[in-house]
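One letter stands for each residue in the lines below.
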Amino acid sequence: MNPTALMIMLLSLAIGTTMTLMSHHWLLAWIGLEINTLAIIPLMTKTPHPRAIEAATKYFLTQASASALILFSATMNAWKTGEWSITLLSDPYTITLSMALMMKLGLAPLHFWLPEVIQGIPLSTGLILSTWQKIAPMTLLLQISHLTDLKLLITMGLTSISIGGWGGINQTQLRKVMAFSSIGHLGWMVLILKFNPQLTLFNFLLYITMTAAMFFSLMSLSSTKISEISSSWPKSPILVTTMMLVLLSLAGLPPLTGFSPKLLIILELAKQNTLLLASVTMLTSLLALFFYLRLTYVMILTLPPHIPPSSTHWRTTKNSPLTATMTTLALLIFPLSPTFLLII
């Protein structure tokens, strides 16, 4: 893509998200979401491939439907209450706006577009879609969290954790694995949203860090399939080692960064006397743990001396400082969790 066009698209993404973050008016927030949607579509189709065109079309139709639902609900709410304020919602429209924002995020059962779209686009665009594009809808969801129905949030959260685990089990494509991982992590965030919005924000920041670290590692190795990642050890031993640790961090194993939000969410659920919900959440998350461990196991099996000579590569991988920084954050934030929670 032309560097000037790329700069314009990235600038538009930044402007759209910033507009939504700064707005207290539903119409301005909707305009920011629309700018975001339109800015990422050229990035999706920068490689003129039928899969990329299909992914961009699915993404546009889904996001347009969710945006229309947000605009119609906000208009009807303004007609009823006389105000466009984000935090002033009447009862029937809170649910429709929450569902529309969850559709934009890709929460189950409104998730069907996400794995197909991420599978059809380049890794760099998949990184933007999995991290930056979720900031604006999540911010709006946090602002209306005190008005959202608790039963709806718990249902969507548990469904997302379940489908995020089941969907990723038998995948061979790494981008689809990351899509289902995203669905599962968003389920954890929505589950605790009504009880403790600050904890949701903390979980969201750590999710962005870990997902970005994983995507940067995949981009450095140019790997999109499990079969490709399994023979990457000769290419970059250190990067493959840290990528295994990032996978375990995404799985939520101690003492890595990903353990922190899961521990705090379970403690918060126990504090709210919802022990059954906490138990079901922990048991359901074992599904996701299985496919993370499966990926790690595939990588461990191919460590020397198990690599056949025919599958070795030249060591030409260049690790960027950004990859190193995000990987370090994705592995070592756990001891600093209390400090970050105090800041939030």
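A quick note: this is a predicted structure, and the numbers were derived from the prediction, not measured. (Residues numbered from 1 in each chain as written. Predicted model: local features only at pLDDT ≥ 70, side-chain atom pairs only at ≥ 80, totals over all residues. Heavy atoms only, no water.)

Asks: Looking at this model, I keep getting lost on the UniProt feature "transmembrane region" (unreviewed entry) in the protein. Mind explaining?
Replies: Under the UniProt annotation, the feature "transmembrane region" (unreviewed entry) is placed at residues 150–170, 201–218, 238–256, 276–301 and 322–343. Overall, residues 201–218 shows 100% helix and 0% strand. The separation of its end C-alpha atoms is 26 Å. End C-alpha atoms of residues 238–256 are separated by 17 Å, and the span's content is 74% helix alongside 0% strand. (UniProt positions renumbered as here; feature names shortened; annotations may be inferred. Helix = DSSP H or I, 4+ residues; strand = E, 2+ residues; numbered from the N terminus.)

Asks: Even after reading the chapter, I still don't get the pattern of salt bridges, so can you show me in this structure?
Replies: Where charged atoms of side chains with opposite charge meet at close range, the side chains can pair. Per the stated rule, a full pass over the model turns up 3 salt bridges. A salt bridge links glutamate 54 to lysine 58; its shortest N-O distance comes to 2.9 Å. You can see glutamate 54 and its partner lysine 58 sitting in helix 3 (residues 50–81), 4 residues apart, about one turn around the helix. Ionic pairing is found between lysine 176 and glutamate 116, a salt bridge with its closest N-O pair at 3.4 Å. Of this pair, lysine 176 sits in helix 9 (residues 174–193) while glutamate 116 sits in helix 5 (residues 113–120), and the two are 60 residues apart along the sequence. Taking relative accessible area as the criterion, lysine 176 reaches 18% and is therefore assigned buried. Taking the relative accessible area as the measure of exposure, glutamate 116 reaches 31% and is therefore partly exposed. (Salt bridge = Lys/Arg side-chain N within 4 Å of Asp/Glu carboxyl O. Buried < 20%, exposed > 50% of the residue type's maximum accessible area, 1.4 Å probe, protein only.)

Asks: In this structure, what is going on with the packing of aromatic side chains? I would like to understand it.
Replies: The geometry of an aromatic ring pair is captured by two quantities: the separation of the ring centres and the angle between the planes. All chains considered together, the criterion is met by 4 aromatic pairs. Geometrically, the ring pair formed by phenylalanine 291 and tyrosine 292 is tilted, given 4.7 Å between the ring centres and 40 degrees between the ring planes. The exposure class assigned to phenylalanine 291 is buried, which follows from its relative accessible area of 1%. What makes tyrosine 292 buried here is its relative accessible area of 2%. (Phe/Tyr/Trp six-rings, centres within 6.5 Å; stacked < 30°, edge-to-face > 60°.)

Asks: Would you mind going over the nonpolar core with me for this structure?
Replies: One broad trend across soluble globular proteins is that nonpolar side chains are buried collectively. Counting residues in hydrophobic clusters, the biggest one holds 34 residues, and the most contacted among them are Met214, Leu218, Met243, Tyr292 and Met299. Looking at this core, the elements that each hand over two or more residues are helix 6 (123–130), helix 9, helix 10 (197–221), helix 11 (226–229), helix 12 (237–251), helix 14 (275–301) and helix 15 (321–332). Among the elements that take part in this core, helix 12 stands out by supplying 9 residues, more than any other. Leaving out residues up to four positions away in the same chain, leucine 218 has contacts with Leu123, Leu174, Met178, Ser223, Ile229 and Met243. Counting 30 residues, the second largest nonpolar core, distinct from the first, contains Ala74, Ala136, Met156 and Leu193. (Core = buried A, V, L, I, M, F, W, Y, C linked by side-chain atoms within 4.5 Å. Contact = heavy atoms within 4.5 Å.)

Asks: Is there a simple way to think about the confidence of the model for the protein in this case?
Replies: Low-pLDDT portions of the prediction should not be read for the details of their coordinates. The share of residues in the protein with pLDDT of 70 or more is 94%, and the mean pLDDT across the chain is 88. When the criterion is pLDDT under 50, residues 309–315 qualifies, and its contacts beyond four places in sequence or with other chains add up to 10 contacts. (pLDDT = per-residue confidence, 0-100.)

Asks: Sorry if this is basic, but what is going on with the domain arrangement of the protein here?
Replies: Accessible area lost upon the coming together of the parts serves often as the stated size of an interface. Structurally, the protein comprises domain 1 (1–123) and domain 2 (149–343). In this structure, domain 1 and domain 2 have C-alpha centres spaced 24 Å apart. Taken residue by residue, the interface counts 19 residues in domain 1 and 21 residues in domain 2. Between domain 1 and domain 2, roughly 1800 Å² of surface is buried when both sides are summed, and carbon and sulfur atoms account for 79% of that area. Where domain 1 packs against domain 2, one counts 5 residue pairs in polar contact (both at pLDDT 80 or more). Contributions of two or more residues to the side of domain 1 that touches domain 2 are made by helix 4 (91–105) and helix 5. Here the side of domain 1 that touches domain 2 is built from residues that sort into 14 nonpolar, 4 polar and 1 charged. (Domains from an automatic or database assignment. Buried area = accessible area lost by both parts, 1.4 Å probe. Polar contact = N/O pair within 3.5 Å; in protein donor to acceptor, adjacent residues only side chain to side chain. Nonpolar A, V, L, I, M, F, W, Y, C, P; charged D, E, K, R; others polar.)

Asks: Can you walk me through helix 7 (residues 135–143) in this structure?
Replies: Every α-helix winds through 3.6 residues per turn, so residues three or four apart in the chain are directed the same way. In terms of burial, helix 7 is largely enclosed, as 8 of its 9 residues are buried. Among all positions in helix 7, only Ile135, Ala136, Pro137, Met138, Thr139, Leu140, Leu141 and Leu142 are buried. The secondary structure elements touched by the buried residues of helix 7 are helix 1 (3–22), helix 2 (26–44), helix 4, helix 9 and helix 10.

Asks: Please explain empty space enclosed by the protein as it appears in this structure.
Replies: In this approach a probe as big as a water molecule rolls over the atoms, and the regions it shows empty are the leftover space. Inspection of every chain in the model, using the stated rule, returns 2 cavities of 30 Å³ or more. Within this model, the largest cavity holds a volume of roughly 80 Å³. Residue lining of the largest cavity: Leu33, Asn36, Thr37, Tyr59, Gln63, Lys104, Trp113, Leu129, Gln133, Lys134 and Pro137, and that is the complete set. Every element with two or more residues in the lining of the largest cavity is listed here: helix 2 and helix 3. For the lining of the largest cavity, the leading source of residues is helix 2, giving 3 residues. Taken together, the residues that form the lining of the largest cavity break down as 5 nonpolar, 4 polar and 2 charged. For the second largest cavity, the calculated volume is near 30 Å³. Here the lining of the second largest cavity takes 4 residues from helix 3, the largest share from any one element. (1 Å grid on protein atoms, 1.4 Å probe; cavity = no way out; pocket = protein on both sides within 12 Å on 5 of 7 lines; lining within 4 Å. Points joined across faces, edges and corners; volume = space filled by probe spheres on them.)

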